Amino acid sequence: MKRRQLTLILTLIVIIIAAITVVLTINIFTKDDGTTVDPQQDSQKESNDTLAPGSDVTSGTGTDTSDLDKETNNTNNETDNSDTDKDNSSDSGSGSSENAGSGISGTGDTETGSNPGNTASGSTAVPTSYKDFSLTSGMSAAQAYEYLDEFLDSKYSILINKQNKVGSDYAPSDLVLPQGCSYQMESTAAKALTDMLSAARQDGYSDLILYSGYRTYASQKNKFENRTQQYLNQGYSQQQAEEKAGEYLAPPGSSEHHTGLAADVCSSKIVNKYGYLDDSFDTTDEFKWLEQHCAEYGFILRYGKSAEDITGFLYEPWHYRYIGTDHAKACMALGITYEEYHSMLVKLRDEAKADANV
Ligand SMILES: [Zn+2]
C-alpha cells in the first residue's frame, strides 16, 4: 500500500513539472503584444551574427541585416586599428632601417679610404720588377716579356688622356650594342658589359644602366665646343673656358669613349633625381657592387677619387674602362690609376726584355 502511494505522488510531481514547463515555453515565444515569434528566425539571426565580415546575408529581417552591417563595420574598424598599429610598428621599423642606412653611409666613408684604382698612395705595393708582379711572377724573363708585350701591343691597353690623344681618324673596328643597351661598344668590351650588368641584376641591382659607350671624335668635339661656349658666355676667357669644360668632358682626342672600351654605368635613380650623372652615385649599393665586381668582367674604375692630378679628370664613379680581367684585377688590387699601371707595365716589360736579351 505504501509503495502504491509513493508511485502516485511521484507521478503527480512529474505531471506538475510537465505542466510548468509547458506554461513557461508558451511565455518565452510570446511577445508582449501576444504575437508569436518564429523560433527558427531567431536561430537564423544567431547564425548570421557568426558570418564572417563581408559575407552576404541571404536571410533574416532588415533589422538583422543592419545589425550585421554594424557589426561588420565594427570588425572593419578593428581591422583598421590593427593596420594602424602595424603601420606604426613598421614606421618605427623603417626608422631603424634609416638608421641602418646611415650606417651604410659610414661604411661608404670607410670604403673611400680604400678606393681601388683611385690613389697614388698605393705605390708602396706597386711592384718594381716583373719577378714580383702577380701576373708574371714565376715566369721566365722571356715569358714575362712576351706576356706583357702582347697586352701593351693590343688595343685593350691603349692609354688615352689629355697628354696622350688620338687623331680625328681614330675609330674602333668592331662596334656592337651590348644586350639591352642603346650605346655601342667594342665587341669584347660589349660582351663583358652585358655579362656584368646581367650579374648585377642577378644580385638584385637591376637599376644599373649604360648611359654612354662609344662616341665619335666629331660628337666629342661638338660636346666639348658646346660646353666651352657655355663658359665663354659666362665671361670666362677661351683658355679658362676650355679648362673648365675639360674638367669633366675630355677634349676631342683625349676621351676613352672614342675607343669603344669605356662605359658610363650609373643607377637610373641617380640620373632621374639629378638629370645627369652625379658623384652621389658612389653612395648607392649599385656602385658598391660595381666597385667590388667590375674587375671580374675586365673593367676598372678609371677616374678615381683624389686621382685628378694623375688622370687629369675629376672623380667619375660611373666611368669604367675595359682592359681585360687579368689586368683589371691586378690594377684594382694595386689601387693605382691606369696611368700608373700602364707606366708600370712598360717598365716591367723593358726589364724582362733586357733580362731575356730579346
Ligand atoms: Zn665616361
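The rules behind each value
Residues numbered from 1 in each chain as written. Predicted model: local features only at pLDDT ≥ 70, side-chain atom pairs only at ≥ 80, totals over all residues. Helix = DSSP H or I, 4+ residues; strand = E, 2+ residues; numbered from the N terminus. Buried ≥ 20, exposed ≤ 12 C-beta atoms within 10 Å, placed from the backbone. Contact = placed C-beta atoms within 7 Å. pLDDT = per-residue confidence, 0-100. Axes fitted to C-alpha atoms, helices over the stretch in contact; angles between N-to-C directions. Left-handed = near helix turned anticlockwise from the far one by under 90°. Nonpolar A, V, L, I, M, F, W, Y, C, P; charged D, E, K, R; others polar. Pairing = 2+ DSSP bridges. Parallel < 35°, antiparallel > 145°, perpendicular 65-115°, else oblique. Core = buried A, V, L, I, M, F, W, Y, C linked by C-beta atoms within 7 Å.

Further remarks concern the overall build of the protein chain. Within the protein chain, the secondary structure is distributed over 12 helices and 6 strands. Put simply, the protein chain has 358 residues, and 27% of those count as buried. A fraction of 68% describes how many contacts in the protein chain between residues 6 or more apart in sequence connect residues 24 or more apart.

The next point concerns helix α11 (residues 325-334). For α11, the complete set of buried residues consists of His327, Ala328, Ala330, Cys331, Met332 and Leu334. Taken together, the buried residues of α11 touch α4 (141-153), β5 (299-303) and α12 (338-356). Following α11 by one or two positions, Gly335 adopts a phi angle in the positive range, close to 70°.

Moving on, we come to the confidence of the model for the protein chain. Averaged over all residues, the pLDDT of the protein chain is 74; the fraction at 70 or higher stands at 65%. Segment residues 21-123: pLDDT under 50, and 58 contacts once partners within four positions in sequence are set aside and those in other chains are kept.

At a closest axis distance of 8 Å, the pairing of α4 and α12 adopts a crossing angle of 145°. For the pair α4 and α12, the crossing hand works out as left-handed. Residues Ala141, Ala142, Ala144, Tyr145, Leu148, Asp149, Phe151 and Leu152 of α4 form the contact with α12, whose own contacting residues are Leu345, Val346, Leu348, Arg349, Ala352, Lys353, Asp355 and Ala356. Its residues assigned to classes, the contact of α4 with α12 shows 12 nonpolar, no polar and 4 charged.

This part is about the sheet that holds strand β3 (residues 208-212). With antiparallel pairing, the 4 strands of this open sheet are ordered in space as β3-β4-β6-β5. This sheet does not close on itself; its edge strands, each paired only once, are β3 and β5. Neighbour-to-neighbour, the strand axes of the sheet open up by a mean angle of 45°, direction not taken into account. In the sheet, β3 pairs with strand β4 (residues 262-267) via 4 bridges, with the strands oriented antiparallel. Within β4, the position partnered with Leu208 by the bridge is Ser267. Relative to β3, helix α5 (residues 187-202) is tilted by about 150°, and along the sheet it contacts β3, β4, β5 and β6 (316-322).

Right, let's get into the packing of helix α6 (residues 217-233) against helix α7 (residues 238-248). Interaxial distance between α6 and α7 falls to 8 Å at its minimum, and their mutual angle equals 125°. In this view, α6 runs oblique relative to α7, as classed from their interaxial angle. Read as a crossing pair, α6 and α7 show a hand that is right-handed. Where α6 approaches α7, its residues Phe224, Arg227, Thr228, Tyr231 and Leu232 are matched on the opposing element by Gln238, Gln240, Ala241, Glu242, Lys244 and Ala245. Its residues placed into classes, the contact of α6 with α7 shows 5 nonpolar, 3 polar and 3 charged.

Another aspect to go through is the nonpolar core. Grouped together as the largest cluster of nonpolar side chains are 49 residues, with contacts concentrated most on Leu193, Met196, Val265, Cys294, Phe299, Ile300 and Cys331. When residues in this core are grouped by element, the largest group, 7 residues, is from α5.

This part takes up the pairing of β5. Of all 5 residues making up β5, 5 are buried, and the element is well covered by its neighbours. As paired strands, β5 and β6 are joined by 4 bridges and run antiparallel to one another. Bridge pairing links Ile300 to Arg321 in β6.

All right, on to unusual backbone geometry then. The residue Ser306 is not glycine, and still its phi comes out positive at about 60°. With respect to the helices, strands and loops of the structure, Ser306 is situated in the loop between β5 and α10 (308-311).

Looking now at the environment of Pro178. With respect to the element layout, Pro178 can be found in the loop between β1 (175-176) and β2 (185-186). Each C-alpha atom of the pair Pro178 and Ala190 lies 4.7 Å from the other, and the pair is 12 residues apart in sequence. Apart from residues no more than four positions distant in its own chain, Pro178 is found in contact with Met185, Ala190, Leu193, Thr194 and Leu210.

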